[in-house]
Amino acid sequence: QVQLAESGGGLVQAGGSLRLSCAASGTVFSNIVMNWYRQAPGKQRELVATINSGGFTAYGDSVKGRFTISRDNAQNMVWLQMNSLKPEDTADYYCNAAIFVSPGWRNYWGQGTQVTVSS
């Protein structure tokens, strides 16, 4: 089992920055894929960023060039650096860990942290 705890959310003005942190505990394997998702009221949950154990990263089109995901396997930590924030970035942000357990992926979720971007 993996437990995830996010922190770093809050209120920020458009153009500002926030850094979200996620601490993982429990049975954490180095090959776990770490992700950040977000969901705004009335909208579907979307993948914001992902990073695998080899350091490969990918981003949703709406955040490319503005957000950066990173991880430290020794500390079981993952971060999301968010720059040039826009009001449309307002959402609940969730840390996610995914591990392949036959026959498919098993997902673990944090409790979420709120990000509000004002104009």
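This text follows the structure it describes.
How each quantity is defined
Residues numbered from 1 in each chain as written. Predicted model: local features only at pLDDT ≥ 70, side-chain atom pairs only at ≥ 80, totals over all residues. Heavy atoms only, no water. Helix = DSSP H or I, 4+ residues; strand = E, 2+ residues; numbered from the N terminus. Rg over C-alpha atoms; globule rule 2.2 N^0.38 Å. Buried < 20%, exposed > 50% of the residue type's maximum accessible area, 1.4 Å probe, protein only. Contact = heavy atoms within 4.5 Å. Areas by Shrake-Rupley, 256 points an atom, 1.4 Å probe, with all protein chains shown as cover. Lys, Arg positive; Asp, Glu negative; His and termini not counted. Charge placed at Lys NZ, Arg CZ, Asp CG, Glu CD. Pairing = 2+ DSSP bridges. Axes fitted to C-alpha atoms, helices over the stretch in contact; angles between N-to-C directions. Phe/Tyr/Trp six-rings, centres within 6.5 Å; stacked < 30°, edge-to-face > 60°. Lys NZ or Arg CZ within 6 Å of the ring centre and 35° of its normal.

Concerning the overall build of the chain
Within the chain one finds zero helices and 11 strands. For the chain, the C-alpha radius of gyration of 14 Å lies close to 14 Å, the compact-globule estimate for 119 residues. Over its C-alpha atoms, taken along the principal directions, the chain stretches across nearly 45 × 30 × 25 Å. Counting only residues that meet the buried cut, the chain has 39% of its 119 residues in that class. When contacts within the chain are restricted to residue pairs at least 6 apart in sequence, those whose partners lie at least 24 apart make up 53%. Accessible surface computed for the chain: about 6,400 Å², of which carbon and sulfur atoms make up 48%. In the chain, 9 side chains carry a positive charge and 7 a negative one; their mean positions are 4 Å apart.

A word on the sheet that holds strand β1 (residues 2–7)
As summarised here, the arrangement of the four strands in space is β1-β3-β8-β7, forming an open sheet in which the pairing is antiparallel. Bordering the open sheet on either side are β1 and β7 (67–72), each of which pairs with just one other strand. Going across the sheet, the axis of each strand differs from the next one's by a mean of 15°, ignoring polarity. As judged from the six bridges shared by strand β3 (residues 18–26) and strand β8 (residues 77–82), these two strands associate in the antiparallel manner. If you follow Leu20 over to β8, its bridge partner there is Leu80.

Let's talk about the packing of aromatic side chains
Applying the stated criterion across every chain yields a total of two aromatic pairs. Judged by centre distance (5.7 Å) and plane angle (80°), the rings of Phe100 and Trp105 are edge-to-face. Phe100 sits in the partly exposed class, given a relative accessible area of 49%. When the ring centre of Tyr37 is taken as reference, the NZ or CZ atom of Arg45 above it lies at 5.6 Å.

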